[in-house]
Amino acid sequence: MTGSQKCLGTGSAAPGPVPEGSIRIYSMRFCPYVQRARLVLAAKGIKHELININLKSKPEWFFEKSPFGLVPALETSNGQVIYESPIVCDYLDEVYPDKKLTPEDPLQKAQQKMLVEHFSKISTVLYKIMMAKIKNEDTSASKEECQEKLIKFDESLAKQNTKFLGGSCVSMVDYMIWPWFERFAFADMKEFLNKTPRINQWYQLMLQDPAVKATYTEPDVLVGFYNLYAKGDPEAFDYGL
(Lines give C-alpha, C1' and ligand atoms only; values in the text may rest on other atoms or scores of the structure.)
Protein backbone atom coordinates (compact mmCIF):
# COMPACT_ATOMS: atom_id res chain seq x y z
CA MET A 1 0.00 0.00 0.00
CA THR A 2 1.34 3.42 -0.92
CA GLY A 3 -1.14 5.67 0.85
CA SER A 4 -1.96 7.35 -2.49
CA GLN A 5 -5.74 6.87 -2.33
CA LYS A 6 -7.81 10.06 -2.22
CA CYS A 7 -9.24 10.95 1.17
CA LEU A 8 -12.79 10.54 2.36
CA GLY A 9 -14.65 13.55 3.78
CA THR A 10 -18.01 14.69 5.09
CA GLY A 11 -20.90 12.84 3.48
CA SER A 12 -18.80 9.93 2.25
CA ALA A 13 -20.06 6.40 2.76
CA ALA A 14 -18.42 4.30 5.44
CA PRO A 15 -16.15 1.55 4.11
CA GLY A 16 -17.31 -2.03 4.48
CA PRO A 17 -15.89 -4.62 6.86
CA VAL A 18 -12.15 -5.22 6.92
CA PRO A 19 -11.35 -8.34 4.87
CA GLU A 20 -10.36 -11.45 6.80
CA GLY A 21 -6.60 -11.73 7.20
CA SER A 22 -6.03 -7.99 6.80
CA ILE A 23 -6.18 -4.83 8.87
CA ARG A 24 -7.21 -1.28 8.00
CA ILE A 25 -5.41 1.92 8.91
CA TYR A 26 -7.33 5.20 8.88
CA SER A 27 -4.71 7.59 7.68
CA MET A 28 -3.72 11.00 6.34
CA ARG A 29 -0.84 11.02 3.87
CA PHE A 30 1.10 13.90 5.45
CA CYS A 31 0.58 13.13 9.14
CA PRO A 32 3.79 12.26 11.06
CA TYR A 33 1.79 10.24 13.60
CA VAL A 34 0.31 8.10 10.83
CA GLN A 35 3.77 7.68 9.34
CA ARG A 36 4.87 6.03 12.58
CA ALA A 37 2.31 3.29 12.00
CA ARG A 38 3.10 3.07 8.28
CA LEU A 39 6.81 2.63 9.06
CA VAL A 40 6.01 -0.28 11.39
CA LEU A 41 3.67 -1.83 8.82
CA ALA A 42 6.34 -1.57 6.12
CA ALA A 43 9.16 -2.83 8.34
CA LYS A 44 7.17 -5.89 9.38
CA GLY A 45 5.58 -6.54 5.96
CA ILE A 46 2.04 -6.53 7.36
CA LYS A 47 -0.81 -6.89 4.89
CA HIS A 48 -3.12 -3.88 5.27
CA GLU A 49 -5.30 -1.34 3.54
CA LEU A 50 -5.24 2.42 3.99
CA ILE A 51 -8.25 4.72 4.15
CA ASN A 52 -7.24 8.38 3.97
CA ILE A 53 -9.35 10.86 5.94
CA ASN A 54 -9.88 14.55 5.19
CA LEU A 55 -9.05 16.02 8.59
CA LYS A 56 -10.65 19.38 7.74
CA SER A 57 -13.92 17.74 6.72
CA LYS A 58 -14.12 14.42 8.53
CA PRO A 59 -16.72 11.80 7.61
CA GLU A 60 -19.45 11.50 10.22
CA TRP A 61 -18.84 7.75 10.59
CA PHE A 62 -15.14 8.27 11.36
CA PHE A 63 -15.86 9.25 14.97
CA GLU A 64 -17.16 5.70 15.53
CA LYS A 65 -13.68 4.48 14.58
CA SER A 66 -11.69 7.18 16.37
CA PRO A 67 -13.58 8.98 19.17
CA PHE A 68 -11.23 11.99 19.09
CA GLY A 69 -11.35 12.17 15.29
CA LEU A 70 -7.59 11.59 15.09
CA VAL A 71 -5.39 9.44 12.87
CA PRO A 72 -3.98 6.85 12.89
CA ALA A 73 -6.69 4.43 13.92
CA LEU A 74 -6.46 0.71 13.25
CA GLU A 75 -9.43 -1.58 12.60
CA THR A 76 -9.29 -5.39 12.56
CA SER A 77 -11.43 -7.81 10.59
CA ASN A 78 -13.34 -8.42 13.84
CA GLY A 79 -14.31 -4.75 13.98
CA GLN A 80 -11.96 -4.00 16.89
CA VAL A 81 -10.46 -0.50 16.82
CA ILE A 82 -7.17 0.79 18.28
CA TYR A 83 -6.11 4.44 18.10
CA GLU A 84 -3.24 6.78 19.17
CA SER A 85 0.04 6.20 17.33
CA PRO A 86 2.20 4.71 20.15
CA ILE A 87 -0.60 2.30 21.06
CA VAL A 88 -1.19 1.33 17.42
CA CYS A 89 2.54 0.70 16.89
CA ASP A 90 2.89 -1.37 20.07
CA TYR A 91 -0.19 -3.39 19.09
CA LEU A 92 1.25 -4.13 15.64
CA ASP A 93 4.56 -5.23 17.14
CA GLU A 94 2.87 -7.62 19.57
CA VAL A 95 0.22 -9.08 17.25
CA TYR A 96 2.70 -9.55 14.38
CA PRO A 97 5.77 -10.86 16.27
CA ASP A 98 7.95 -11.58 13.21
CA LYS A 99 10.81 -9.06 13.13
CA LYS A 100 10.15 -7.70 16.60
CA LEU A 101 10.91 -3.98 16.81
CA THR A 102 10.57 -3.48 20.57
CA PRO A 103 13.26 -4.97 22.85
CA GLU A 104 12.20 -7.74 25.21
CA ASP A 105 14.44 -6.48 28.01
CA PRO A 106 12.35 -4.22 30.29
CA LEU A 107 15.22 -1.78 30.85
CA GLN A 108 15.97 -1.41 27.13
CA LYS A 109 12.26 -0.98 26.45
CA ALA A 110 12.06 1.75 29.11
CA GLN A 111 15.16 3.46 27.69
CA GLN A 112 13.57 3.59 24.23
CA LYS A 113 10.38 5.07 25.64
CA MET A 114 12.41 7.68 27.54
CA LEU A 115 14.17 8.67 24.31
CA VAL A 116 10.81 9.15 22.60
CA GLU A 117 9.62 11.23 25.55
CA HIS A 118 12.82 13.28 25.42
CA PHE A 119 12.33 13.90 21.70
CA SER A 120 8.69 14.92 22.20
CA LYS A 121 10.00 18.18 23.72
CA ILE A 122 11.78 18.81 20.41
CA SER A 123 8.84 17.82 18.20
CA THR A 124 6.57 20.20 20.14
CA VAL A 125 8.86 23.12 19.25
CA LEU A 126 9.21 21.86 15.67
CA TYR A 127 5.42 21.89 15.34
CA LYS A 128 5.39 25.52 16.54
CA ILE A 129 7.97 26.39 13.87
CA MET A 130 5.95 24.68 11.15
CA MET A 131 2.71 26.40 12.16
CA ALA A 132 4.46 29.79 12.36
CA LYS A 133 5.99 29.23 8.92
CA ILE A 134 2.56 28.39 7.50
CA LYS A 135 1.24 31.70 8.92
CA ASN A 136 4.32 33.68 7.77
CA GLU A 137 5.21 34.46 11.38
CA ASP A 138 8.70 34.89 12.83
CA THR A 139 10.32 31.54 13.69
CA SER A 140 13.73 32.71 14.92
CA ALA A 141 13.09 32.29 18.68
CA SER A 142 11.53 28.86 18.24
CA LYS A 143 14.37 27.77 15.95
CA GLU A 144 16.92 28.82 18.53
CA GLU A 145 15.05 26.85 21.19
CA CYS A 146 14.81 23.83 18.92
CA GLN A 147 18.53 23.98 18.11
CA GLU A 148 19.43 24.02 21.81
CA LYS A 149 17.23 20.99 22.48
CA LEU A 150 18.64 19.13 19.47
CA ILE A 151 22.21 19.72 20.62
CA LYS A 152 21.36 18.31 24.06
CA PHE A 153 19.65 15.34 22.42
CA ASP A 154 22.71 14.82 20.23
CA GLU A 155 24.98 14.84 23.29
CA SER A 156 22.86 12.19 24.99
CA LEU A 157 22.99 10.00 21.87
CA ALA A 158 26.78 10.36 21.67
CA LYS A 159 27.03 8.83 25.15
CA GLN A 160 25.10 5.77 23.92
CA ASN A 161 27.59 5.26 21.07
CA THR A 162 25.21 3.06 19.06
CA LYS A 163 24.53 3.01 15.32
CA PHE A 164 20.79 3.57 15.73
CA LEU A 165 18.83 5.17 18.56
CA GLY A 166 18.11 1.86 20.27
CA GLY A 167 21.21 -0.14 19.39
CA SER A 168 22.99 -1.72 16.43
CA CYS A 169 19.88 -2.06 14.23
CA VAL A 170 16.68 -0.15 13.50
CA SER A 171 14.02 -0.57 16.18
CA MET A 172 10.78 0.97 17.36
CA VAL A 173 12.36 4.13 18.78
CA ASP A 174 13.84 5.02 15.37
CA TYR A 175 10.45 4.76 13.69
CA MET A 176 8.70 6.71 16.44
CA ILE A 177 11.06 9.67 15.97
CA TRP A 178 11.92 9.59 12.24
CA PRO A 179 8.78 11.27 10.78
CA TRP A 180 9.72 14.68 12.21
CA PHE A 181 13.10 14.59 10.49
CA GLU A 182 11.38 14.38 7.11
CA ARG A 183 9.79 17.72 8.00
CA PHE A 184 13.09 19.45 8.80
CA ALA A 185 13.40 20.70 5.20
CA PHE A 186 9.96 22.35 5.31
CA ALA A 187 10.81 23.96 8.66
CA ASP A 188 14.13 25.27 7.24
CA MET A 189 16.04 23.32 9.86
CA LYS A 190 18.20 20.91 7.86
CA GLU A 191 21.27 23.02 8.53
CA PHE A 192 20.88 22.12 12.21
CA LEU A 193 22.04 18.62 11.32
CA ASN A 194 25.52 20.07 10.70
CA LYS A 195 25.65 21.04 14.38
CA THR A 196 24.48 17.63 15.63
CA PRO A 197 26.93 15.06 14.22
CA ARG A 198 25.45 12.05 16.02
CA ILE A 199 21.93 12.86 14.84
CA ASN A 200 23.20 13.55 11.31
CA GLN A 201 24.93 10.16 11.18
CA TRP A 202 21.68 8.48 12.26
CA TYR A 203 19.69 10.58 9.76
CA GLN A 204 21.86 9.42 6.84
CA LEU A 205 21.51 5.78 7.92
CA MET A 206 17.74 6.07 8.23
CA LEU A 207 17.43 7.41 4.68
CA GLN A 208 18.67 4.00 3.51
CA ASP A 209 16.16 2.01 5.58
CA PRO A 210 13.62 0.14 3.38
CA ALA A 211 10.63 1.17 5.52
CA VAL A 212 11.71 4.83 5.42
CA LYS A 213 12.10 4.63 1.64
CA ALA A 214 8.63 3.04 1.36
CA THR A 215 6.90 5.82 3.33
CA TYR A 216 9.09 8.82 2.41
CA THR A 217 7.46 12.04 1.21
CA GLU A 218 9.62 14.37 -0.90
CA PRO A 219 10.18 17.83 0.64
CA ASP A 220 8.57 19.66 -2.31
CA VAL A 221 5.38 17.59 -1.88
CA LEU A 222 5.29 18.44 1.83
CA VAL A 223 5.70 22.13 0.97
CA GLY A 224 2.85 21.91 -1.52
CA PHE A 225 0.61 20.30 1.08
CA TYR A 226 1.40 22.82 3.80
CA ASN A 227 0.90 25.77 1.45
CA LEU A 228 -2.63 24.57 0.65
CA TYR A 229 -3.25 23.62 4.28
CA ALA A 230 -2.34 27.16 5.35
CA LYS A 231 -5.10 28.50 3.10
CA GLY A 232 -7.65 26.10 4.59
CA ASP A 233 -7.99 24.41 1.20
CA PRO A 234 -9.85 21.10 1.66
CA GLU A 235 -7.95 19.73 -1.36
CA ALA A 236 -4.67 19.97 0.59
CA PHE A 237 -4.98 16.39 1.82
CA ASP A 238 -5.05 15.08 -1.77
CA TYR A 239 -2.12 17.22 -2.91
CA GLY A 240 -0.02 15.53 -5.56
CA LEU A 241 -2.55 12.85 -6.51
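Residues numbered from 1 in each chain as written. Predicted model: local features only at pLDDT ≥ 70, side-chain atom pairs only at ≥ 80, totals over all residues. Heavy atoms only, no water.

What follows covers the pattern of salt bridges. Taken as a whole, this structure holds eight salt bridges when the rule is applied. Among the ionic pairs, R24 bridges to E49, the shortest N-O distance being 2.4 Å. Remark: E49 occurs in strand β2 (residues 48–52) and R24 occurs in strand β1 (residues 23–27); sequence separation between them is 25 residues. Take R24: its relative accessible area is 3%, and that puts it in the buried class. Note on E49: relative accessible area 18%, which makes it buried. The closest approach of N and O atoms between R24 and E75, which form a salt bridge, is 3.6 Å. Residue R24 is found in strand β1, and its partner E75 is found in strand β3 (residues 73–76); the two are separated by 51 residues along the sequence. Since its relative accessible area comes to 7%, E75 is described here as buried. (Salt bridge = Lys/Arg side-chain N within 4 Å of Asp/Glu carboxyl O. Helix = DSSP H or I, 4+ residues; strand = E, 2+ residues; numbered from the N terminus. Buried < 20%, exposed > 50% of the residue type's maximum accessible area, 1.4 Å probe, protein only.)

What UniProt calls "domain: GST N-terminal" (unreviewed entry) maps, in this numbering, to residues 21–100. Taken end to end, residues 21–100 has its terminal C-alpha atoms 20 Å apart, with 35% of it in helix and 21% in strand. (UniProt positions renumbered as here; feature names shortened; annotations may be inferred.)

Here helix α1 (residues 32–44) crosses helix α6 (residues 172–182) at 135 degrees, and the two axes come no closer than 9 Å. In terms of their interaxial angle, α1 and α6 are classed as oblique. Read as a crossing pair, α1 and α6 show a hand that is right-handed. Contacts between α1 and α6 involve P32, Y33, Q35, R36, L39, V40 and A43 from the first element and M172, Y175, M176, W178, P179, W180 and E182 from the second. When its residues are assigned to classes, the contact of α1 with α6 shows eleven nonpolar, one polar and two charged. (Axes fitted to C-alpha atoms, helices over the stretch in contact; angles between N-to-C directions. Parallel < 35°, antiparallel > 145°, perpendicular 65-115°, else oblique. Left-handed = near helix turned anticlockwise from the far one by under 90°. Contact = heavy atoms within 4.5 Å. Nonpolar A, V, L, I, M, F, W, Y, C, P; charged D, E, K, R; others polar.)

Turning to the UniProt feature "domain: GST C-terminal" (unreviewed entry) in the protein chain, a few remarks are in order. On the UniProt side, "domain: GST C-terminal" (unreviewed entry) is annotated at positions that read residues 105–223 here. For residues 105–223, the end-to-end C-alpha separation is 40 Å, with 69% helix and 0% strand making up the annotated structure.

Attention now goes to the layout of surface pockets. Looking at the largest pocket, its volume works out to about 790 Å³. Around the largest pocket sit 35 residues that line it, and C31, P32, Y33, V71 and Y127 are the ones nearest its centre. Sort the elements by how many residues they give to the lining of the largest pocket and helix α4 (residues 106–134) lands first, with ten residues. Approximately 350 Å³ is the volume found for the second largest pocket. Looking at the second largest pocket, it is lined by 17 residues, and the ones nearest its centre are Q108, Q112, L165, G166 and G167. Looking at which element gives the most residues to the lining of the second largest pocket, the answer is α4, with five residues. (1 Å grid on protein atoms, 1.4 Å probe; cavity = no way out; pocket = protein on both sides within 12 Å on 5 of 7 lines; lining within 4 Å. Points joined across faces, edges and corners; volume = space filled by probe spheres on them.)

Taken together, four strands build an open sheet; the order of strands is β2-β1-β3-β4 and the sheet is mixed. Each end of this open sheet is capped by a strand with a single partner; those strands are β2 and β4 (81–83). Ignoring strand direction, the axes of neighbouring strands in this sheet form an average angle of 20 degrees. Relative to the sheet, α1 contacts β1 and β2, its axis offset from that of β1 by approximately 150 degrees. (Pairing = 2+ DSSP bridges.)

Looking now at empty space enclosed by the protein. Counted by the stated rule, this structure contains one cavity of 30 Å³ or more. Quantified by volume, the largest cavity comes out at close to 50 Å³. Taken together, F181, E182, F184, A185, K190, Y203, Y216 and P219 make up the lining of the largest cavity. Split into classes, the residues belonging to the lining of the largest cavity amount to six nonpolar, no polar and two charged.

Our next topic: the packing of aromatic side chains. Taken as a whole and assessed by the stated rule, the structure comprises 20 aromatic pairs. Consider the rings of F30 and F225, whose centres lie 4.3 Å apart with planes at 15 degrees: the pair is stacked. With F30 in the loop between β1 and α1 and F225 in helix α9 (residues 219–230), the pair connects residues that are 195 residues apart, well separated along the chain. F225 carries the same exposure label as F30, and that label is buried. Every member of this aromatic cluster is reached through a ring pair, and the members are F119, F153, W178, F181, F184, W202 and Y203. Looking at K56, its charged tip hangs above the ring of Y229, at a distance of 5.0 Å from the centre. The side chain of K133 reaches across the aromatic face of F186, ending 4.6 Å from its centre. (Phe/Tyr/Trp six-rings, centres within 6.5 Å; stacked < 30°, edge-to-face > 60°. Lys NZ or Arg CZ within 6 Å of the ring centre and 35° of its normal.)

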